[in-house]
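Residue-level listing of the chains:
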Amino acid sequence: MIAVSSVRRGMMVCISKALQLRHGISLWCPEFTPRHQMPWKNQVAPASYGRRFSVSASAFANENREFVIVGGGNAAGYAARTFVEHGFADGKLCIVSKEKYAPYERPALTKGYLFPSDKNPARLPGFHTCVGSGGERQNPEWYKEKGIEILYEDPVIDVDIQKQTLRTNSGKLLKYGSLIIATGCTASRFPDKLGGSLPGVHYIRDVEDANSLVSSLEKAKKVVIVGGGYIGMEVAAAAAGWKLDATMIFPEDHLMNRLFTSSLAHKYEQLYEACGVKLIKGASIKSLEAGPDGRVACVKLENGMIISTDLVVVGIGAKPAVSPFEGVGLNTTVGGIEVDGLFRTSIPGIFAIGDVAAFPLKMYNRISRVEHVDHARRSAQHCVKSLLTARTDAYDYLPYFYSRVFEYEGSTRKVAWQFFGDNVGETIEIGNFNPKIATFWIDSGKLKGVFLESGSPEEIQLLPKLARRQPPIDKLKLQAASSVEEALDITRASMED
């Protein structure tokens, strides 16, 4: 019997030692792995790849499941919809989740969910999948109607690959035909010995985390946000809506260091400071300290500075949730489970999708792991279609990231940016951030990536076309553009030359 057991993850020792990424935010990319070295090159086509068996559609009368998805997040919800669309859900599909809720659009947790109660905060069932992409709201009743079983709050703790069985925390044993791993990520935590688990220290990955944070925000006057990336910027913007004394602390020299140029970051830093958020840049945290009541009361920095607070929100990244699947082709360079362009692992009948999957990023010829809702949706759909049909075209993903902040009622300046492509090469920045600004990444004379703040729907539709086509750019002409609109017209024309 081949048993795969869980292992303990090492803790992050210091924020200042966090992994710096070479190719964009939340886009984990090791050195290129040649396609001919991938272990699945000569494996069978997807139509015959999954190991299946038939079960009764009337009910789950035994422990056999034709298809099992492990994980209950975005990717699971979109995978379930694709199973339904192909007629393979009713009585055939089981989702095993550690959460108490049906799959939902996770980005809401650091955006609308954190709005004050008088500013129309987001709440379930409003953001169940698949509303984030304009699809049907899949509430718990939807899954029942479609004949899909969900095991709530019962995570998988062991898998036997040879017997094709899973064991859950409650002791339930499931036999699967095809297994899709959609476990996502877990929040990187500040070490316990430095105060990372004190009452009042928050991390955000699920609804329960967000509920706990909202409860603390309701009682707080001061908040410290650790981290200057996605989570940090979104939580700090929400804290401004609560009119709290908010301080952001991060080790980099500017916000969103993995994507923003220093010039671009400066524009956003000025906005945050105008909204009352204090920024402490280039700082390393020595410890989080408790007060007399045992709750976190202050943050001590390595430089001797002490910031008093009522609560701390830690947003220093995430780690792929690979336990107990370490034996299913784990890529130690990026941490995820390595798959091919159809999301097949090296073990027949087992697939991985979403944040946990390390997949071939076809257009850039490298292996990547992307932590983003857009990839979670698309990878789920591609995987299931490949599993159920004769589809053999490899996943061809264009990296895409976005954020929307300060969108609560009464905000005087809403922020909504989009980025497509790869942030490599030299940059050209156009615009004054009032409200638009654009940044173009150019490498070897070709456009590689494009960032746009406050773009119109038509302008946003242009961005992925530019990033995928990578047209040659006249840099002097682009630098001379007097507005974002003119710059986008220049790049649009470059695709026609």
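One structure accompanies this document, and this report is about it. (Residues numbered from 1 in each chain as written. Predicted model: local features only at pLDDT ≥ 70, side-chain atom pairs only at ≥ 80, totals over all residues. Heavy atoms only, no water.)

1. With respect to the pattern of salt bridges
- The full count for this structure, using the stated rule, is 23 salt bridges.
- A salt bridge links arginine 391 to aspartate 393, with the nearest nitrogen and oxygen atoms 2.7 Å apart.
- On the basis of relative accessibility, which here comes to 26%, the residue arginine 391 falls in the partly exposed class.
- Across the pair arginine 404 and glutamate 407 runs a salt bridge whose closest N-O atoms are separated by 3.1 Å.
- On the basis of relative accessibility, which here comes to 32%, the residue glutamate 407 falls in the partly exposed class.
- Each of the salt bridges in this network shares a partner with another, and the network as a whole consists of Lys436, Glu459 and Glu485. (Salt bridge = Lys/Arg side-chain N within 4 Å of Asp/Glu carboxyl O. Buried < 20%, exposed > 50% of the residue type's maximum accessible area, 1.4 Å probe, protein only.)

2. Observations regarding the nonpolar core
- In this structure, Phe83, Met248, Phe260, Tyr268, Phe325, Trp417 and Phe451 are the most contacted members of the largest nonpolar core, which totals 136 residues.
- At eight residues, helix H4 (residues 230-241) tops the list of elements feeding residues into this core.
- Not counting chain neighbours up to four residues away, the residues in contact with tyrosine 268 comprise Met233, Leu255, Phe260, Val415, Trp417, Phe433, Phe451 and Glu453.
- Core analysis: the next-biggest nonpolar cluster, separate from the first, contains 19 residues, Leu198, Val312, Val314 and Ile316 among them. (Core = buried A, V, L, I, M, F, W, Y, C linked by side-chain atoms within 4.5 Å. Helix = DSSP H or I, 4+ residues; strand = E, 2+ residues; numbered from the N terminus. Contact = heavy atoms within 4.5 Å.)

3. Quick look at the environment of isoleucine 280
- Locating isoleucine 280 in the fold gives a position in strand S13 (residues 277-281).
- For the pair isoleucine 280 and isoleucine 249, spaced 31 residues apart in sequence, the C-alpha separation works out to 4.8 Å.
- Apart from residues no more than four positions distant in its own chain, isoleucine 280 is found in contact with Thr247, Met248, Ile249, Phe250, Leu301, Met305 and Ile307.

4. So, helix H6 (residues 373-388)
- The end-to-end C-alpha distance of H6, which contains 16 residues, comes to 23 Å, matching closely the 22 Å that a straight helix rising 1.5 Å per residue would cover.
- Most of H6 is tucked away: 13 of the 16 residues are buried. (Expected span 1.5 Å × (residues − 1).)

5. Overview of the sheet that holds strand S15 (residues 296-301)
- Across the sheet, three strands lie side by side as S14-S15-S16; this open sheet has antiparallel pairing. Strands at the two margins of the open sheet, each flanked by one partner only, are strand S14 (285-290) and strand S16 (306-308). This sheet shows a mean twist of 20 degrees between the axes of neighbouring strands, independent of strand direction. (Pairing = 2+ DSSP bridges. Axes fitted to C-alpha atoms, helices over the stretch in contact; angles between N-to-C directions.)

6. Re unusual backbone geometry
- Along the chain, threonine 129 connects to cysteine 130 via a cis peptide bond; the corresponding omega equals 15 degrees.
- Assignment of secondary structure puts cysteine 130 in the loop between strand S4 (93-96) and helix H2 (140-145).
- Going from asparagine 434 to proline 435, the amide bond is cis rather than trans, its omega being 0 degrees.
- Positive phi, close to 60 degrees, is recorded for asparagine 365, a residue that is not glycine.
- Within the secondary structure layout, asparagine 365 lies in the loop between strand S21 (357-361) and strand S22 (366-370).
- Phi at serine 444 is positive, roughly 55 degrees, even though this residue is not glycine.
- Within the fold, serine 444 resides in the loop between strand S26 (437-443) and strand S27 (446-453).

7. Some remarks on the packing of helix H7 (residues 457-469) against helix H9 (residues 484-494)
- Where H7 meets H9, the axes come as close as 11 Å, and the angle between the chain directions of the two elements is 40 degrees. Comparing the axis directions of H7 and H9 gives the class oblique. Crossing of H7 against H9: the hand is left-handed. For the pair H7 and H9, contact is made by Glu459, Leu462, Leu463 and Leu466 and by Glu485, Leu488, Thr491 and Arg492, respectively.
- Here the contact of H7 with H9 is composed, by residue class, of four nonpolar, one polar and three charged. (Parallel < 35°, antiparallel > 145°, perpendicular 65-115°, else oblique. Left-handed = near helix turned anticlockwise from the far one by under 90°. Nonpolar A, V, L, I, M, F, W, Y, C, P; charged D, E, K, R; others polar.)

8. Thoughts on the packing of aromatic side chains
- Taken as a whole and judged by the stated rule, the model has 23 aromatic pairs.
- Taking 5.9 Å as the distance between ring centres and 90 degrees as the angle between the ring planes, the aromatic pair formed by tyrosine 104 and phenylalanine 127 counts as edge-to-face. Taken together, the positions of tyrosine 104 in the loop between S4 and H2 and phenylalanine 127 in the loop between S4 and H2 put the pair 23 residues apart, joining distant regions of the chain. Here tyrosine 104 matches phenylalanine 127 in class, with each residue buried.
- Between tryptophan 142 and tyrosine 143 the ring centres are 4.8 Å apart and the planes differ by 85 degrees, which places this aromatic pair in the edge-to-face class.
- The class for tryptophan 142 is buried, based on a relative accessible area of 4%.
- Note that arginine 123 overlies the ring of tyrosine 113, its terminal NZ or CZ placed 4.1 Å from the centroid.
- When the ring centre of phenylalanine 433 is taken as origin, the NZ or CZ atom of arginine 413, which lies over that ring, is 4.4 Å away. (Phe/Tyr/Trp six-rings, centres within 6.5 Å; stacked < 30°, edge-to-face > 60°. Lys NZ or Arg CZ within 6 Å of the ring centre and 35° of its normal.)

9. Details of the side chain of glutamate 459
- Tracing the chain through its elements places glutamate 459 in helix H7.
- Here serine 456 takes part through its backbone nitrogen, which lies 2.9 Å from a polar atom of the side chain of glutamate 459.
- Those residues in contact with glutamate 459 that lie beyond four places of it in its chain are Lys436, Leu452, Glu485 and Leu488. (Polar contact = N/O pair within 3.5 Å; in protein donor to acceptor, adjacent residues only side chain to side chain.)

10. Things to note about the packing of helix H1 (residues 74-85) against H6
- With their axes 8 Å apart at the nearest point, H1 and H6 run at an angle of 35 degrees to one another. As for the relative orientation of H1 and H6, their crossing is right-handed in sense. For the pair formed by H1 and H6, the contact residues are Asn74, Ala75, Tyr78, Ala79, Arg81, Thr82 and Phe83 on the first element and Val373, Ala376, Arg377, Ala380, Gln381, Val384, Lys385, Leu387 and Leu388 on the second.
- Taken together, the residues that form the contact of H1 with H6 break down as 10 nonpolar, three polar and three charged.

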